[in-house]
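# Residue-level structural notes
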Amino acid sequence: QVQLVESGGGLVQAGGSLRLSCAASGTTASINVMCWYRHAPGKQRELVATITTRGSTNYADAVKGRFTISRDNAKNTVDLQMNSLRPEDTAVYYCNVNRFGGLYTYWGKGTLVTVSS
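The following paragraphs examine the structure supplied in this document. For every chain, the first residue of the written sequence is number 1, and numbering continues from 1 along that sequence. With the structure being a predicted model, the display of local features is reserved for residues of pLDDT at least 70 and the display and counting of side-chain atom pairs for 80 or more, all residues being used for whole-chain, interface and lining totals. Remark: hydrogens and water are excluded; side-chain values derive from all non-hydrogen atoms of the structure.

## Some thoughts on the overall build of the chain
How we decide: Strands are runs of DSSP state E lasting at least 2 residues, helices are runs of H or I lasting at least 4, and numbering of each runs from the N terminus. Note on method: radius of gyration uses C-alpha positions; expected globular size equals 2.2 Å times residues raised to 0.38. Between buried and exposed lies partly exposed: a residue is buried under 20% and exposed over 50% of the maximum accessible area for its type, with that area taken using a 1.4 Å probe on protein chains only. By the convention used here, residues are in contact when the closest approach between their heavy atoms is within 4.5 Å. The protein chains shown are the only cover counted for residues, whose accessible areas, like all others here, come from Shrake-Rupley with a 1.4 Å probe.
Assigned secondary structure in the chain consists of 0 helices and 11 strands. Taken from N to C terminus, the helices and strands of the chain fall in the order β-β-β-β-β-β-β-β-β-β-β. In terms of C-alpha radius of gyration, the chain reaches 13 Å, essentially the compact-globule figure of 13 Å for 117 residues. Split into buried and exposed, the 117 residues of the chain put 40% on the buried side. Looking at the chain alone, contacts between residues at least 24 apart form 54% of all its contacts between residues at least 6 apart. Per element, the accessible surface of the chain, about 6,200 Å² overall, is 49% carbon and sulfur.

## Observations concerning the nonpolar core
Rules: Take the buried Ala, Val, Leu, Ile, Met, Phe, Trp, Tyr and Cys residues and link them wherever side-chain atoms come within 4.5 Å; each set so joined is a nonpolar core.
Trp 36, Leu 80, Met 82 and Tyr 93 are the most contacted members of the largest nonpolar core, which totals 29 residues. Counting residues per element, the ones that place at least two in this core are strand 1 (2-7), strand 3 (18-26), strand 4 (31-39), strand 5 (46-51), strand 7 (67-72), strand 8 (77-82), strand 9 (91-99) and strand 11 (111-116). Excluding anything up to four places from it in sequence, Tyr 93 contacts Glu 6, Leu 20, Trp 36, Tyr 37, Arg 38, Val 48, Phe 67, Leu 80, Met 82, Gly 110, Thr 111 and Val 113.

## Things to note about the packing of aromatic side chains
Short version of the rule: Any Phe, Tyr or Trp ring, taking Trp's six-membered ring, that has another such ring centre within 6.5 Å forms a pair; planes under 30 degrees apart are called stacked, those over 60 apart edge-to-face, and the others tilted.
All chains considered together, the criterion is met by 2 aromatic pairs. Judged by centre distance (4.8 Å) and plane angle (55°), the ring pair of Tyr 37 and Trp 107 falls under tilted. Remark: Trp 107 occurs in strand 10 (residues 104-107) and Tyr 37 occurs in strand 4; sequence separation between them is 70 residues. The exposure class assigned to Tyr 37 is buried, which follows from its relative accessible area of 19%.

## A short note on the environment of Gly 101
Turning to its location among the elements, Gly 101 is positioned in the loop between strand 9 and strand 10. Residue Gly 101 is classed as exposed on the basis of its relative accessible area of 68%. For the pair Gly 101 and Val 33, spaced 68 residues apart in sequence, the C-alpha separation works out to 7.7 Å.

## Some words on the environment of Cys 95
One can find Cys 95 in strand 9. Owing to a relative accessible area of 0%, Cys 95 belongs among the buried residues under this scheme. Measuring from C-alpha to C-alpha, the distance between Cys 95 and Gly 110 comes to 6.9 Å, with 15 residues separating the pair along the chain.

## Brief notes about the environment of Tyr 59
The line we're drawing: The term polar contact refers here to a pair of N or O atoms within 3.5 Å; inside protein, the definition further demands a hydrogen-donor-capable atom paired with an acceptor-capable atom, and it admits residues adjacent in sequence only when both atoms are side-chain atoms.
Summarising the element assignment, Tyr 59 is placed in strand 6 (residues 57-59). For Tyr 59, a relative accessible area of 22% gives the class partly exposed. The spatial distance from the C-alpha of Tyr 59 to the C-alpha of Trp 36 is 9.6 Å, given a sequence separation of 23 residues. Discounting chain neighbours no more than four positions away, the residues touching Tyr 59 are Val 48, Ala 49, Lys 64, Phe 67, Thr 68 and Ile 69. A polar atom in the side chain of Tyr 59 sits 2.9 Å from the backbone nitrogen of Ile 69.

## Looking at unusual backbone geometry
At Asn 76, a residue that is not glycine, the phi angle is positive and equals roughly 55°. Positionally, Asn 76 belongs in the loop between strand 7 and strand 8.

Structure, rendered in structure tokens:
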């Protein structure tokens, strides 16, 4: 099992920045892709960003150029730097990691990000 703990959420004004962090513990061997998802009220869960073990990244179109995902393989952490935040970025953000190419997937409990206009 892998346990994920997110931190860094909160309330910020539009245009501001937040940095989310996620720490993985437990059976962390063979973790490959690490991701951030978000779930806004009344909307479907959305994949925000992914990063592979080698550092290759992908972003949702809605956050490209504003959000940056990074990871520390030695510490089993993944961060999401969020700049130029907009009210539509308001959501619960979830950390997700996969082991063995997605055979096993794990979720954090989420951290709330609220962007006021």
